[in-house]
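Next come the chains, spelled out residue by residue.
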Amino acid sequence: MPLTKLDTTSALIVIDLQKGIVGLPTVHPAGEIVGRAAQLARAFREQGLPVVLVNVSGRAPGRTDAGIPKFSFPADWTELVPELDQSPGDHIVTKQRWGAFLGTSLDDYLRQRGVTQVVLAGVATSVGVESTARSAYDLGYNVTLVVDAMTDRDADAHRHSVEKIFPRLGETAATGDVLKLLK
């Protein structure tokens, strides 16, 4: 379903646009995704709406068939990319799971500000973005997924999230659609 409206109490949540992740190979050029997310962040700030910048510093403790990653994280792994132009008013969430809600204070932060709608962008579409969208939907937020401001390491996973999962969790939009409604 295409984006119908932005609630007056919307918040932007940008997932995992951090140095250690944007350097990995992705389906869509990371620079384009970062650029669109930065545009959205500037526009939300200009309207006095909350901007939440999320990074990931660990993983859930459970066992998986994929196993534990076999590489060590560089020192700047969790640093948000400078293009996001982090502002003192931005809320930073450091997560240890795929999604930005579980194990963090994100829901409390949004509820204290009366947020009813979350607008999501970032990496990876089928992991951090989708997990955050699922939790937001379950928590009763209106969810908007800015599909041209997200990417994945796997084309099929990205496509599956965008085409099959996201329409069941919220409304999808392009960056330009959101920017138009913000003005």
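Residues numbered from 1 in each chain as written. Predicted model: local features only at pLDDT ≥ 70, side-chain atom pairs only at ≥ 80, totals over all residues. Heavy atoms only, no water.

## Remarks on the pattern of salt bridges
Rules: The term salt bridge refers to a pairing of a side-chain nitrogen on Lys or Arg with a carboxyl oxygen on Asp or Glu at a separation within 4 Å. Numbering of helices and strands runs from the N terminus; a helix is a DSSP stretch of H or I covering at least four residues, while a strand is a stretch of E covering at least two.
As enumerated under the stated definition, the model contains eight salt bridges in all. With a shortest N-O distance of 3.0 Å, Arg111 and Asp107 are connected by a salt bridge. In this pair, Arg111 and Asp107 are both assigned in helix α3 (residues 106–112), four residues apart and thus about one turn of the helix distant. Residues joined by salt bridges that share partners form a network here, namely Glu32, Arg36 and Asp148.

## So, helix α2 (residues 30–46)
Keep this limit in mind: Here, expected helix span is obtained from the residue count minus one, scaled by 1.5 Å. Contact definition: two residues touch when any of their heavy atoms are within 4.5 Å.
Taking 1.5 Å of rise per residue, the 17 residues of α2 would be expected to cover 24 Å, and the 24 Å separating its terminal C-alpha atoms lies within 8% of that figure. Check the buried side of α2 and you find it contacts β1 (10–15), α1 (19–22), β2 (51–56), β4 (117–123), β5 (142–151) and α6 (175–182). Trailing α2 by a residue or two, Gly48 shows a phi angle of about 75°, which is positive.

## A few points about helix α4 (residues 125–138)
Stated precisely, the cut-off is as follows: We call a residue buried when its accessible area falls under 20% of the maximum for its residue type, exposed when it is over 50%, and partly exposed in between, using a 1.4 Å probe and counting protein chains only.
The terminal C-alpha atoms of α4 lie 18 Å apart, and with 14 residues this matches the ideal 20 Å at 1.5 Å per residue to within 8%. Regarding α4, the residues found buried are Thr125, Gly128, Val129, Glu130, Ser131, Thr132, Ala133 and Ala136. Packed against the buried residues of α4 are β1, β4, β5 and α5 (155–169). Phi turns positive one or two residues past the end of α4, at Gly140, with a value near 95°.

## With respect to the nonpolar core
Put simply, the rule reads: Each nonpolar core is a collection of buried residues, namely Ala, Val, Leu, Ile, Met, Phe, Trp, Tyr and Cys, held together in the definition by side-chain atoms within 4.5 Å.
Residues Leu12, Leu17, Leu40, Phe44 and Val178 are the most contacted members of the largest nonpolar core, which totals 31 residues. Taken together, the elements giving at least two residues each to this core come down to β1, α2, β2, β4, β5 and α6. At seven residues, α2 tops the list of elements feeding residues into this core. For Leu17, the residues in contact, after removing those within four places along its chain, are Val22, Ile33, Val34, Ala37, Val54, Leu80, Val81, Leu84, Gly122 and Val123. Counting residues in hydrophobic clusters, the runner-up holds 24 residues, among them Ile13, Tyr109, Val118 and Val143.

## Re the environment of Thr94
Going by this rule: Pairs of N or O atoms are called polar contacts if they sit within 3.5 Å, as long as, within protein, a hydrogen donor faces a hydrogen acceptor (for residues adjacent in sequence, only side-chain-to-side-chain pairs).
Here Thr94 shows up in strand β3 (residues 91–95). Spatially, the C-alpha atoms of Thr94 and Pro29 are 24 Å apart, while their sequence positions differ by 65 residues. Polar contacts involving the side chain of Thr94 include one to the side chain of Asn55, which spans 2.7 Å.

## Thoughts on the layout of surface pockets
Counted only if it meets this: Whether a set of points on the 1 Å grid over the protein atoms alone is a cavity depends on a 1.4 Å probe fitting there but being unable to get out, while an open set qualifies as a pocket with protein on both sides within 12 Å along at least five of seven lines; lining residues are those with an atom within 4 Å of a point. Grid points are joined across faces, edges and corners, and a volume is the space filled by probe spheres set on the points.
Taken as a whole, the largest pocket encloses approximately 990 Å³ of empty space. In this structure, the largest pocket is lined by 28 residues; those nearest its centre are Gly58, Arg59, Pro69, Trp98 and Val127.

## Quick notes on unusual backbone geometry
Of note, the amide linkage connecting Val123 to Ala124 takes the cis form, showing an omega dihedral of -10°. Position of Ala124 relative to the elements: it lies in the loop between β4 and α4. Positive phi, normally seen in glycine, also occurs at Asp16, with a value near 55°. Considering the arrangement of structural elements, one finds Asp16 in the loop between β1 and α1. For Asp85, which is not a glycine, the phi torsion comes out positive at approximately 50°. In this fold, Asp85 is placed in the loop between β2 and β3.

## Points about the packing of α4 against α5
Basically, it comes down to this: Axis angles are defined between N-to-C directions and span 0 to 180 degrees, where every axis is a line fitted to C-alpha atoms and, for a helix, only to the segment in contact. Any angle from 65 to 115 degrees is called roughly perpendicular, while one under 35 is roughly parallel, one over 145 is roughly antiparallel, and all others are oblique. Classes in brief: Ala, Val, Leu, Ile, Met, Phe, Trp, Tyr, Cys and Pro nonpolar; Asp, Glu, Lys and Arg charged; the others, Gly included, polar.
Contact geometry of α4 with α5 gives a least axis separation of 10 Å together with a crossing angle of 5°. With respect to α5, the element α4 is oriented roughly parallel. Where α4 abuts α5, its residues Thr125, Ser126, Val129, Glu130, Ala133, Arg134 and Tyr137 lie against Ala157, His158, Ser161, Val162, Ile165, Phe166, Arg168 and Leu169. Of the residues assigned to the contact of α4 with α5, the class counts are eight nonpolar, four polar and three charged.

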